[in-house]
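# Fold and geometry: a report
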Amino acid sequence: TTSTSKNRGLLILLEGLDRAGKTTQCQMLCNSLNEANGPGSCRVQKVPDRTTQIGQMINSYLASKTTLPDQSIHLLFSANRWELRQTILDSIYSGQTVILDRYVPSGVAYSLAKGVADMPIDWCIAPERGLPRPDITLFLDIEPEHANIQSTREDFGQERYEVSEFQVRVRACFKEILGDGEKNSGVLDMGKVITIDACKDIKTVAADIWQAVQSQDVESSEI
Ligand code: TMP
């Protein structure tokens, strides 16, 4: 189970398309875990972390204030995760659970969905090798057409990738790289992968996520 009896915290990843409700669900799951296991026993890490210098470069790219080659932005997203590596490990090995709001699968799926000829899947994955592996990955699945209605973000459409046809391709790439259900069934090893129907209402999705996390018998192995 996911109790604090483990000597390390868990690494839990929430993934999905833009507007799937990840940020809301990360916060709800974090609140529930802090209630269950004690205040401060869990925290959320947003990825990309836009507060670092690399994060600011990513932010201006996403806002279309700068242009960059597809390869460069791909590597900046990866570099941004490498900046977070040590603090994630420190948290986990001090016993704190970390919930990631996006991570490696977003890095690979969004770049692959661009369909750039010299960025095949192994090129996209290469810079991610060696980053901490999540214990469990929850893929919040929505039909891209659904996203508008579900969104609490009124600013949708402002950023570079928030275009419906592109989101359809990203969803297919997510499914290809994460697989469905069984550990290691996809191209990336992101721990146990569970697909959550995120078209349901917020409370039902939160309950489904809670159940998935509770029912997961996570190995306390090295990350
Ligand atoms: P956010 O809206 O969750 O902050 O994510 C920013 C955008 O960047 C979103 O459209 C997904 C995309 N993205 C990538 O293209 N590569 C990555 O590695 C990550 C983490 C996000």
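Residues numbered from 1 in each chain as written. Predicted model: local features only at pLDDT ≥ 70, side-chain atom pairs only at ≥ 80, totals over all residues.

## Some words on helix α7 (residues 164-178)
- With 15 residues, α7 ought to run about 21 Å at 1.5 Å a step, and its terminal C-alpha atoms sit 21 Å apart, in line with that.
- Within α7, the full set of buried residues consists of Gln167, Val170, Arg171, Cys173, Phe174, Ile177 and Leu178. Taken down its axis, α7 places every buried residue within 170° of arc, on the same side.
- Two residues or fewer after α7 comes Gly179, characterised by a positive phi angle close to 70°. (Helix = DSSP H or I, 4+ residues; strand = E, 2+ residues; numbered from the N terminus. Expected span 1.5 Å × (residues − 1). Buried ≥ 20, exposed ≤ 12 C-beta atoms within 10 Å, placed from the backbone. Arc of directions from axis to C-beta.)

## Remarks on the packing of helix α3 (residues 70-93) against helix α4 (residues 104-112)
- Between α3 and α4, whose axes approach to 10 Å, the crossing angle comes to 175°. One way to sum up the angle between α3 and α4 is to call them roughly antiparallel. Contacts from Asp70, His74, Phe77, Ser78 and Arg81 of α3 reach α4 at Val104, Gly107 and Ser111.
- For the contact of α3 with α4, the per-class residue count stands at two nonpolar, four polar and two charged. (Axes fitted to C-alpha atoms, helices over the stretch in contact; angles between N-to-C directions. Parallel < 35°, antiparallel > 145°, perpendicular 65-115°, else oblique. Contact = placed C-beta atoms within 7 Å. Nonpolar A, V, L, I, M, F, W, Y, C, P; charged D, E, K, R; others polar.)

## Details of unusual backbone geometry
- Look at the link from Val47 to Pro48: it is a cis peptide, with omega at 5°.
- In this fold, Pro48 is placed in the loop between β2 (42-46) and α2 (53-62).
- One non-glycine residue with positive phi stands out, namely Arg19, at about 75°.
- Counting through the fold element by element, Arg19 comes out in the loop between β1 (11-16) and α1 (22-37).

## Remarks on the site of the ligand
- With respect to spatial proximity, the complete set of residues near the ligand consists of Asp18, Val47, Pro48, Leu62, Phe77, Arg102, Ser106, Gly107, Tyr110, Glu159 and Tyr161.
- Per-element accounting of the shell around the ligand gives the leading share, three residues, to α4.
- Here the residues of the shell around the ligand sort into six nonpolar, two polar and three charged. (Near = placed C-beta within 6 Å.)

## Focus on the packing of α4 against α7
- Where α4 meets α7, the closest approach of the two axes is 8 Å, and the angle between their N-to-C directions is 130°. One finds that α4 runs oblique with respect to α7. Every pair of crossing elements has a handedness; the one defined by α4 and α7 is right-handed. In this structure, α4 uses Pro105, Val108, Ala109, Tyr110 and Leu112 to contact α7, whose residues at the interface are Val170, Cys173, Phe174, Ile177 and Leu178.
- A per-class count over the contact of α4 with α7 returns 10 nonpolar, no polar and no charged. (Left-handed = near helix turned anticlockwise from the far one by under 90°.)

## Concerning the nonpolar core
- The biggest cluster of nonpolar side chains holds 43 residues, and the ones touching the most others in it are Ile12, Ile99, Leu100, Ala109, Leu138 and Leu140.
- In contact with Leu140, other than residues within four places in its own chain, are Leu14, Glu15, Gly16, Ala20, Gly21, Lys22, Gln25, Ile196 and Ala198. (Core = buried A, V, L, I, M, F, W, Y, C linked by C-beta atoms within 7 Å.)

## Some details on the sheet that holds strand β3 (residues 97-101)
- The strand order across the open sheet built from five strands is β2-β3-β1-β4-β5, with neighbouring strands paired in parallel fashion. For this open sheet the edge positions go to β2 and β5 (192-197), each flanked by a neighbour on one side alone. Pairs of neighbouring strands in the sheet enclose a mean axial angle of 20°, with direction left out of account.
- Sheet analysis places β1 next to β3, joined by four bridges and oriented parallel. (Pairing = 2+ DSSP bridges.)

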